[in-house]
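Per-entry structural report
As a plain string of letters, each chain reads:
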Amino acid sequence: DSGVTQTPKHLITATGQRVTLRCSPRSGDLSVYWYQQSLDQGLQFLIHYYNGEERAKGNILERFSAQQFPDLHSELNLSSLELGDSALYFCASKSGTGGIGGELFFGEGSRLTVL
Amino acid sequence: DQQVKQNSPSLSVQEGRISILNCDYTNSMFDYFLWYKKYPAEGPTFLISISSIKDKNEDGRFTVFLNKSAKHLSLHIVPSQPGDSAVYFCAASGGIQGAQKLVFGQGTRLTINP
C-alpha cells in the first residue's frame, strides 16, 4: 500500500461526457502528479501540483484540467470524452519541495473506459 | 518525441539467472534515473535510482548501471526470482524545465520461468 488513494478504480462512460478522478496523496506529501497510461504505452506525464499550485504541465489536452485543494487532495477533470481517452490514470505523490529528487509513490490508478 | 526508450517490450528469463533490462534516453539534460516495477492492477512502485554523478548503484539483487556517453542505463537482477515477474519502467528527470517531472519509457514485461 503506497498510501496514495485514487477513486474511482473503474469508470465506464460515453463519448462526450465529463468525469472527475480523485486522488488523495500520502499524508504530508505536498506534490501530486498525474500520469496517463494508454494501452501498451508508457506513463505519459500530464501535470504536477505542489501545495496547491501548478508546477509543470506535460502533454495534457485542453479538455483536461486539474487542481489541488487546500487539503492537498487533487482532482483530474476530463471533459468531452473521446474513445482515445480510455486509459489508466495514475496519481502519484512525493514529499519535499517539489522537484524530482526521489521516488514518486503511485496510487493503483483509475481505469477509464469511454464507449 | 520519446525521450526515454525501452526497446524490448518483453523478456523471458529462467529462475536463478540474470535479468538485464535496458533503457536508452535522448535528452542530455537528464541527471536522475529511476526504475519502477509494476504488477497487474497495482500502481508502479519504486525500485532503484541512480544520479548522473554515478555509474553504478546496487541494492540487494538489483543493480543499475549508467553509461552517460551512450545515454544508456540498464537494470540487472541477480538471481532472478518468480516474484520478479512484472513490467519494469525506466524513468528520467533533469534540466531546469524537466526537474518537475519524470519521463517514463514504455516498459518491459519480465517473465521469470521456473
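What comes next concerns the included structure. Being a predicted model, the structure only gives us computed values, none of them experimental.

Take the pattern of salt bridges next. Evaluated as defined, the whole model comprises seven salt bridges over all chains. Note that glutamate 75 of chain A is salt-bridged to arginine 22 of chain A, the shortest N-O span being 4.0 Å. Of this pair, glutamate 75 of chain A sits in strand β8 (residues 74–78) while arginine 22 of chain A is found in strand β3 (residues 19–24), placing the two residues 53 residues apart along the sequence. Exposure remark for glutamate 75 of chain A: the relative accessible area of 19% places this residue in the buried category. Among the residues examined, arginine 22 of chain A registers a relative accessible area of 33% and is labelled partly exposed. For the salt bridge of aspartate 84 of chain B with lysine 37 of chain B, the shortest nitrogen-to-oxygen distance reads 4.0 Å. Residue aspartate 84 of chain B is located in the loop between β8 (72–77) and β9 (86–93), and its partner lysine 37 of chain B is located in strand β4 (residues 32–38); the two are separated by 47 residues in the primary sequence. Residues participating in the shared-partner salt-bridge network are Arg63, Glu82 and Asp85 of chain A.

Let us look at the sheet that holds strand β7 (residues 62–67) of chain B. Residues and elements named next belong to chain B. Spatial strand order, β1-β3-β8-β7-β6: five strands in an open sheet with antiparallel pairing. Single-partner strands in this sheet number two, and they are β1 (4–5) and β6 (56–59). Both β6 and β7 contribute to a ladder of four bridges, which runs antiparallel. Paired with glutamate 58 across the bridge in β7 is threonine 63.

Bringing the state of the cysteines into the picture now. Within the structure shown, the criterion is met by two disulfides over all chains. What pairs with cysteine 23 of chain A in a disulfide is cysteine 91 of chain A, and their sulfur atoms sit 1.8 Å apart. Residues cysteine 23 of chain A and cysteine 91 of chain A are joined by a disulfide whose S-S torsion is about -55 degrees; by sign, that bridge is left-handed. Of this pair, cysteine 23 of chain A sits in strand β3 while cysteine 91 of chain A sits in strand β9 (residues 87–94), and the two are 68 residues apart along the sequence. The residue that forms a disulfide with cysteine 23 of chain B is cysteine 90 of chain B, at a sulfur-sulfur distance of 2.0 Å. Measuring handedness by torsion sign, the sulfur bridge of cysteine 23 of chain B and cysteine 90 of chain B sits at about -70 degrees and is left-handed. Pair noted here: cysteine 23 of chain B is in strand β3 (residues 19–25) and cysteine 90 of chain B is in strand β9, with a separation of 67 residues, a long-range link. Comparing cysteine 23 of chain B with cysteine 90 of chain B, the two get one shared label, buried.

Calculation rules
- Residues numbered from 1 in each chain as written.
- Chains lettered and ligands numbered in written order.
- Predicted model: local features only at pLDDT ≥ 70, side-chain atom pairs only at ≥ 80, totals over all residues.
- Heavy atoms only, no water.
- Salt bridge = Lys/Arg side-chain N within 4 Å of Asp/Glu carboxyl O.
- Helix = DSSP H or I, 4+ residues; strand = E, 2+ residues; numbered from the N terminus.
- Buried < 20%, exposed > 50% of the residue type's maximum accessible area, 1.4 Å probe, protein only.
- Pairing = 2+ DSSP bridges.
- Disulfide = S-S within 2.5 Å.

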